[in-house]
Amino acid sequence: MGSDITLPRHRVGYWFSEKKSKKFNLEEFHGICDQAGLDLIKINLTLPIEDQGPFSAIIHKMTDVIAQADLGDPESLTIVQSFERFICANPKIKIIDPFDNLRQLLDRYQTYSKINNSDLHKAGEVFVPPFVDLVSNDVEENVRKLREAGVRYPFVCKPAVAHGSKMAHQMSIVFHEGAVKDCEPPCVAQTFIPHDAVLFKIFVIGKKYFVVERPSLKNFSAAEIPTIFFDSHDVSKPDSVSLLSVLDDDEKCNVHPTINGELLDRVMSMLRVALEMNLFGVDIVVEKNTGHYAIIDINAFPGYEGVPDFFTHVTEVLKEIVESSPVSSSSSITTTTTSSRGVGEEDSGIDTGDSSDEKRHQGNNQSTRVKRSSALFNSTNNIQI
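Residues numbered from 1 in each chain as written. Predicted model: local features only at pLDDT ≥ 70, side-chain atom pairs only at ≥ 80, totals over all residues. Heavy atoms only, no water.

Description of the sheet that holds strand β6 (residues 131-134)
Within a beta sheet, neighbouring strands are joined by backbone hydrogen bonds and run either parallel or antiparallel to one another. As a reminder of what qualifies: Here, a strand pair is defined by DSSP locating no fewer than two bridges between the strands. The way it works is that DSSP assigns letters per residue, a run of H or I at least four long becomes a helix, a run of E at least two long becomes a strand, and they are numbered from the N terminus. A fitted line through C-alpha atoms represents every axis, and for helices the fit uses only the stretch in contact; the resulting angles, taken between N-to-C directions, go from 0 to 180 degrees. Two residues qualify as a contact provided that any one of their heavy atoms is within 4.5 Å of a heavy atom in the partner residue.
The five strands lie next to each other as β6-β9-β7-β8-β12, forming an open sheet whose pairing is antiparallel. Pairing within the sheet leaves two strands with one partner each, and these edge strands are β6 and β12 (228-231). Each strand of the sheet is rotated relative to its neighbour by a mean of 25 degrees, with strand direction disregarded. Summarising the sheet, β6 and strand β9 (residues 187-191) pair through four bridges and their orientation is antiparallel. Following the sheet pairing, Leu134 is matched in β9 by Cys187. Against the sheet, helix α6 (residues 108-116) contacts β6, β7 (155-159), β8 (170-174) and β9, and its axis sits at roughly 150 degrees relative to β6. Across the face of the sheet, helix α7 (residues 139-149) comes into contact with β6, β7 and β9 while running at roughly 160 degrees to β6.

Brief notes about the UniProt feature "binding site: Mg(2+) 2" (unreviewed entry) in the chain
For clarity, the threshold we go by: UniProt positions are given in the numbering used here, feature names are shortened, and annotations may be inferred rather than shown by experiment. For each residue, the accessible area found with a 1.4 Å probe, counting protein chains only, is set against the maximum for its type, and the residue is called buried under 20%, exposed over 50%, and partly exposed in between.
Following the UniProt record, one finds the feature "binding site: Mg(2+) 2" (unreviewed entry) at Asp297 and Asn299. As for its placement among the helices and strands, Asp297 is situated in strand β14 (residues 293-300). Structurally, Asn299 can be placed in strand β14. The class for Asn299 is buried, based on a relative accessible area of 0%.

Side note on the layout of surface pockets
Defined as follows: Grid spacing is 1 Å over the protein atoms alone, the probe is 1.4 Å, and a cavity is where that probe fits but cannot get out, while a pocket is an open set with protein on both sides within 12 Å along at least five of seven lines and lining residues have an atom within 4 Å of a point. Grid points are joined across faces, edges and corners, and a volume is the space filled by probe spheres set on the points. Any residue that is not Ala, Val, Leu, Ile, Met, Phe, Trp, Tyr, Cys, Pro, Asp, Glu, Lys or Arg is counted as polar, Gly included; the first ten are nonpolar and the last four charged.
When its volume is computed, the largest pocket comes out at roughly 360 Å³. Contributing to the lining of the largest pocket are 23 residues, with Pro159, Met167, Gln170, Glu184 and Pro186 lying nearest its centre. Elements represented by at least two residues in the lining of the largest pocket include exactly β7, β8 and β12. Its residues assigned to classes, the lining of the largest pocket comprises 14 nonpolar, six polar and three charged.

Next comes the structure, spelled out in structure tokens:
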């Protein structure tokens, strides 16, 4: 006579902003986690976290809260300090993703520097366009720094802070030295890479990544013309219709930018090792004429719009993390390629860089290619598992 064996269930805490929670189908998330043997528990940051546990893991979208705390906001600072004390007192809880790992993506200059100093060059024809941080209002000093850093005209001027404010998406294109005065420090200046108005957003979920194509800026070259100011969300949403994305007649051709899967596998493997994160997004453009890949932005916990079955993939990550033990990593990457041009999306309750819109869209014409994957990261101690 047999007996039923009840496997132990893991409690997973989560925190998203109220606005994001309304846009997420949390009922679906709870259901998928329940089927996987995970109890999903919403965390109230205004109450002691230790009274709401125990937790095997915590998944969160606190990027903006951390950014505001680092900028000195008292309420955000109290929340972050309380959370970090709790984690220090409970080091076995897996955090997706750890605050220290997230902070490396809050400042664009730090992000670009970290990736530039990684093993990325070993992946092949991929690079971070020349960049420099501008922190002074002295135009002559900024011109000198641009020249020393090898930043060419035109360049894109981006706010240094990549999260925590809608201002993070207010950018400009500076075409000549006389317009450097239009930069608003603190900011990061990065050489503009012509890419035929096509942006590839790479959404990473644990061992997998998904490729979504978006509209982007048309090709520009240095010229004595006024600075162009724009909001990156107005250009690169799936449903964006911007004159900045329309190629000039002499630039139009029948060759559409594409991504090489094997090269992208190597790039994503190296980025995951460098960042030690499970949820992040990468913006890549393919340089016109050379075909080289330019990494122009990286975001923590992006919107994942265009990624099918988002909660299923996240639940798989959670389940593997809470049930795994440290082992060495030696595998490839799982990839999915999705086209999301022309699909509508809503703005997010929390901005997370250029990939911050939170509503997911699952079109019927999505194509998928799948391989095996690389290691997850144990986010309590940043070792691969």
